[in-house]
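Survey of secondary and tertiary structure
Listed here are the chains, written in short residue letters.
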Amino acid sequence: KQWYQRRVRAAEQLPKHRENCASRLITCENMCRRIQARFLDDHMIVCPGRIVECETCGEEMKYKYLPAHLNMSCPARHVECESCGNEMKYKQLPEHMHLYCPGRYIECETCGKEMKYKELSVHMFLHEICQTMKLLMIMLLSFAIYYYYFFSKLGYDLPFFIQK
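So, here is what we can say about the structure in this document. (Residues numbered from 1 in each chain as written. Predicted model: local features only at pLDDT ≥ 70, side-chain atom pairs only at ≥ 80, totals over all residues. Heavy atoms only, no water.)

**A look at the nonpolar core**
As a rule of thumb, soluble globular proteins bury nonpolar side chains together. Spelled out, the test is: Here, nonpolar core means buried Ala, Val, Leu, Ile, Met, Phe, Trp, Tyr and Cys residues that are tied together by side-chain atoms lying within 4.5 Å of each other. For every residue, the accessible area obtained with a 1.4 Å probe (protein chains only) is divided by the maximum for its type, and the residue is called buried under 20%, exposed over 50%, and partly exposed between those limits. Only heavy atoms enter the contact rule, under which two residues are in contact if any of them lie within 4.5 Å.
In this structure, Val-52, Cys-54, Met-61, Leu-66, Cys-74 and Ala-76 together form the largest nonpolar core, which totals six residues. Among all residues touching Met-61, those that are not within four sequence positions of it are Arg-50, Ile-51, Val-52, Cys-54, Leu-66 and His-69. Formed by five residues, the second largest nonpolar core is a distinct cluster that contains Val-79, Cys-81, Met-88 and Leu-93.

See the structure below:
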């Protein structure tokens, strides 16, 4: 009789045991796989489906997507400008390339030549030298015309370089 009572009691407790058994298989709350209930806490620490926050931009995503996010799509990841080598956040790169990068290409407003921004100051200096040379040539030519006109009217002999 005791044997039978123990069996009945065990049969009555079986559903409750199945609900609380540490060896029962349960599905991870992130739906990544089935594991024994006793390992759930340890699994949640390393679960690839757990939600994490990106430390650089604050975006939330599954842990398994974090490496790709950090390497390819995080707007706050650090990148190096290919033109000048400066390091900055990815989201700052377009503005840097358009406004600040010394290696960006621009067009000279004077002659239309395309060059790197860092070469512009030397290029503009050459424009100034050319302009100065043109002005000097105009002044010299004006002086020569004046000299020829003035001295020829007064009857003076002209220098050899302004002879008729």
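**Quick look at the packing of aromatic side chains**
So the rule is basically this: To pair, rings of Phe, Tyr and Trp, with the six-membered ring standing in for Trp, must have centres within 6.5 Å; the planes then decide the type, stacked if under 30 degrees apart, edge-to-face if over 60, and tilted in the middle. Either the NZ atom of lysine or the CZ atom of arginine qualifies as a charge over a ring when it sits within 6 Å of the ring centre and within 35 degrees of the ring normal.
Scanning the model with the defined rule gives zero aromatic pairs in all. Cation over ring: Arg-77 sits above Tyr-90, and NZ or CZ is 3.8 Å from the ring centre.

**A short note on a nonpolar patch on the surface**
Going by this rule: Patch membership needs two things, relative accessible area over 30% and no salt bridge, and members are linked within 9 Å if like-charged or within 5 Å if nonpolar (Val, Leu, Ile, Met, Phe, Trp, Tyr). What sets the accessible areas is the Shrake-Rupley method with a 1.4 Å probe; for residues, cover comes only from the shown protein chains. Only one rule defines a salt bridge in this text: a Lys or Arg side-chain nitrogen within 4 Å of an Asp or Glu carboxyl oxygen. Secondary structure is summarised from DSSP: a helix means a run of H or I of at least four residues, a strand means a run of E of at least two, and numbering begins at the N terminus for each.
On the surface, Val-122, Phe-125, Leu-126, Ile-129, Met-133, Leu-136 and Met-139 cluster together to form a nonpolar patch covering roughly 690 Å² of accessible area. Turning to its location among the elements, Met-133 is positioned in helix α5 (residues 120-154). Under the relative-accessibility criterion, Met-133 is labelled partly exposed at 45%.

**Notes on the environment of Cys-21**
Its place among the elements puts Cys-21 in the loop between α1 (2-20) and β1 (25-27). When the C-alpha positions of Cys-21 and Ala-37 are compared, they lie 7.6 Å apart, and in sequence the two are 16 residues distant.

**Overview of the environment of Met-124**
Along the polypeptide, Met-124 turns up in helix α5. Assessed through its relative accessible area of 29%, Met-124 is described here as partly exposed. Residues Met-124 and Glu-109, spaced 15 residues apart in sequence, show a C-alpha to C-alpha distance of 9.7 Å. In this structure, Met-124 is in contact with Cys-108 and Thr-110, ignoring residues within four places of it in sequence.

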